[in-house]
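Working through the structure, step by step
In case you want the letters, here they are:
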Amino acid sequence: MSATPTAHTHSPRGPVMIMAAVALFVVMDTMSKYLSRFYPVPAIVWARYFFHVLLVLIVLGPRLGLSLVRTRRLRVQLARGLLLAGSTLFFVFGIKQMPLAETSSITVIAPVLVRLMGSFFLKERVETARWLAVAGGFAGVLIIIRPGGGVFTWASVLPLCCAVCFASYQILTRKLANLESPYTSIFYSGLVGSVVMSLTLPYVWIQPQSLIHGLMFVLIGIVGGLSHLVLIKAYDYAPASTLAPFSYTQLIWVTLSGYLVFGHFPDRWSLVGIAVIMVSGIYIATHQQMSDRQQRAELRESAPGA
């Protein structure tokens with residue numbers, strides 16, 4: 001979500017909230033992987049978005065009223081929702097077939113893809129240093145999936161497809177920046193996913209086998225919606241370039257979750273690939289932060305009376 005910090009730019013609340021948001025994403029992903037052992041993936045994705053949009057309506061509906069659903073960019077909102085639903089489908093299919101940490105690590109290349117796609121679709125200038133970081137991110141993915149080796153399977157393509165869909169979703173989100181409320185955008189993200197996945201229910205729905213499973217179906221949507229709300233709030237306290245490095249704590253939690261819940265710990269080469277992706281992403285974020293500071297300094301120097 002693109003947002004401009006309104007105040008408290010140096011407040012620690014921003015980093016704390018971004019880390020809380022990604023931790024909630026890991027909780028949601030862990031429950032989704034567990035449920036994928038027993039239920040069809042489309043049913044899990046439906047629950048993810050149905051209870052997401054229900055939470056948004058309950059929390060924001062009374063306060064925002066019709067402004068929550070009012071949009072001047074309906075086509076873009078619908079396209080965003082379809083891309084996000086596609087991203088989630090690819091991801092849940094991926095974690096059904098692959099370990100949680102490796103799948104999540106490959107999808108974390110999305111911010112690197114955003115830089116690459118931004119240069120083509122938004123005509124953003126990308127310096128040589130950022131191209132090197134993009135190359136580093138792709139190298140990290142190749143280390144994890146190891147094409148041509150025994151580790152590589154068709155399932156390795158799923159998180160890559162997820163990352164492409166999510167990066168495209170973020171590009172459209174940036175086109176809506178300052179044009180639409182982030183709360184309207186989060187509503188349509190949940191609504192489109194809910195409606196599209198509801199079409200699959202007659203063919204895939206299986207009654208939950210236990211009360212715990214039923215609660216998990218509800219919780220993956222609630223936790224997913226809550227994590228997006230926390231994410232939006234984090235950008236009220238700090239710019240994206242400041243918060244981005246903290247989002248990589250997700251890889252720590254997802255590795256622990258994969259080990260504690262599913263008994264899988266990444267092998268040596270997967271850990272190397274994860275580290276390369278993290279370093280590339282953090283480098284891009286810190287480079288952006290330095291660029292922002294330089295631009296602010298130049299504006300102060302050129303201001304009248306400076």
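As a further point, take the overall build of the chain. When helices and strands are tallied, the chain shows 13 helices and zero strands. The secondary structure elements of the chain, listed N-terminal to C-terminal, are α-α-α-α-α-α-α-α-α-α-α-α-α. Summarising the internal contacts of the chain: among those between residues at least 6 apart in sequence, 88% fall at separations of at least 24. Accessible surface for the chain amounts to roughly 14800 Å². Of this, 68% is attributable to carbon and sulfur atoms.

Scanning the model with the defined rule gives zero disulfides in all. This cysteine, Cys-162, is not joined by any disulfide, and Cys-165 carries the nearest cysteine sulfur, 7.2 Å off. Not engaged in a disulfide, the cysteine Cys-165 finds its nearest cysteine sulfur in Cys-161; these two sulfurs lie 6.9 Å apart.

There is a patch of nonpolar side chains on the surface, built from Ile-252, Trp-253, Leu-256, Tyr-259, Leu-260, Val-261, Phe-265 and Leu-271 and spanning about 800 Å² of accessible area. Counting residues per element, the nonpolar patch draws most heavily on helix 12 (residues 249-262), at six residues. Mapped onto the secondary structure, Leu-256 falls in helix 12.

Moving on, we get to the side chain of Thr-184. Mapping Thr-184 onto the fold places it in helix 8 (residues 182-198). For Thr-184, a relative accessible area of 1% gives the class buried.

Here we take up the nonpolar core. Leu-35, Leu-113 and Ile-220 are the most contacted members of the largest nonpolar core, which totals 67 residues. In this structure, Leu-35 is in contact with Ile-44, His-213, Met-216, Phe-217 and Ile-220, ignoring residues within four places of it in sequence. Counting residues in each nonpolar core, the second largest holds ten residues, with Val-53, Leu-60, Ile-186 and Tyr-188 among its members.

Looking now at the packing of aromatic side chains. Evaluation of the coordinates by the stated rule reveals eleven aromatic pairs. With centroids separated by 5.0 Å and ring planes inclined at 20°, the aromatic side chains of Trp-46 and Phe-50 adopt a geometry described as stacked. On the criterion of helical spacing, the pair formed by Trp-46 and Phe-50 is a turn pair, its members being four residues apart in helix 2 (residues 41-64). Residue Trp-46 is classed as buried on the basis of its relative accessible area, which comes to 13%. Using a relative accessible area of 31% as the deciding quantity, one classes Phe-50 as partly exposed.

Mapped onto the elements, Thr-255 comes out in helix 12. Separated by ten residues in the primary sequence, Thr-255 and Phe-265 have C-alpha atoms spaced 6.8 Å apart. Leave out the neighbours within four places in its chain, and Thr-255 touches Ala-101, His-264, Phe-265 and Pro-266.

Turning our eyes to something else, we now look at the packing of helix 8 against helix 10 (residues 211-234). It is the contact of helix 8 with helix 10, at a shortest axis distance of 11 Å, that shows an interaxial angle of 160°. Considering their axes alone, helix 8 and helix 10 lie roughly antiparallel with respect to each other. As for the relative orientation of helix 8 and helix 10, their crossing is right-handed in sense. Of helix 10, the residues touching helix 8 (which contributes Pro-182, Tyr-183 and Ile-186) are Gly-225, His-228, Leu-229 and Ile-232. Within the contact of helix 8 with helix 10, the residues separate by chemical class into five nonpolar, two polar and no charged.

Attention now goes to helix 2. Its 24 residues give helix 2 an end-to-end C-alpha distance of 33 Å, which sits within 8% of 34 Å, the value for a rise of 1.5 Å per residue. Residue Ile-58 marks the point of greatest curvature in helix 2, where the axis turns by about 35°; the proline Pro-62 follows within four residues. Phi for Gly-65, located one or two positions after helix 2, is positive at around 60°.

For the pair helix 2 and helix 3 (residues 74-97), interaxial distance at closest approach is 10 Å and the crossing angle is 130°. On the basis of the axis angle, helix 2 is oblique to helix 3. Crossing handedness for the pair helix 2 and helix 3: right-handed. Residue-level contacts link Val-41, Pro-42, Ile-44, Val-45, Arg-48 and Tyr-49 of helix 2 to Leu-84, Ala-85, Thr-88, Leu-89, Val-92, Phe-93 and Lys-96 of helix 3. Partitioned by chemical class, the residues of the contact of helix 2 with helix 3 number ten nonpolar, one polar and two charged.

Turning our attention to the side chain of Glu-102. Among the secondary structure elements, Glu-102 is positioned in helix 4 (residues 100-107). Contacts of Glu-102, omitting those with residues within four sequence positions, involve Ile-144, His-264, Pro-266, Asp-267 and Ser-270.

What follows covers the environment of Gly-190. Looking at the element boundaries, Gly-190 is found in helix 8. Assessed through its relative accessible area of 0%, Gly-190 is described here as buried. Placed 106 residues apart in sequence, Gly-190 and Leu-84 show a C-alpha to C-alpha distance of 8.9 Å. Residues in contact with Gly-190, not counting those within four places in the same chain, are Tyr-49, His-52 and Val-53.

Rules and cut-offs
- Residues numbered from 1 in each chain as written.
- Predicted model: local features only at pLDDT ≥ 70, side-chain atom pairs only at ≥ 80, totals over all residues.
- Heavy atoms only, no water.
- Helix = DSSP H or I, 4+ residues; strand = E, 2+ residues; numbered from the N terminus.
- Contact = heavy atoms within 4.5 Å.
- Areas by Shrake-Rupley, 256 points an atom, 1.4 Å probe, with all protein chains shown as cover.
- Disulfide = S-S within 2.5 Å.
- Patch = residues over 30% accessible without salt bridge, like charges linked within 9 Å, V, L, I, M, F, W, Y side chains within 5 Å.
- Salt bridge = Lys/Arg side-chain N within 4 Å of Asp/Glu carboxyl O.
- Buried < 20%, exposed > 50% of the residue type's maximum accessible area, 1.4 Å probe, protein only.
- Core = buried A, V, L, I, M, F, W, Y, C linked by side-chain atoms within 4.5 Å.
- Phe/Tyr/Trp six-rings, centres within 6.5 Å; stacked < 30°, edge-to-face > 60°.
- Axes fitted to C-alpha atoms, helices over the stretch in contact; angles between N-to-C directions.
- Parallel < 35°, antiparallel > 145°, perpendicular 65-115°, else oblique.
- Left-handed = near helix turned anticlockwise from the far one by under 90°.
- Nonpolar A, V, L, I, M, F, W, Y, C, P; charged D, E, K, R; others polar.
- Expected span 1.5 Å × (residues − 1).
- Bend = angle between axes of the 7 residues up to and from the residue.

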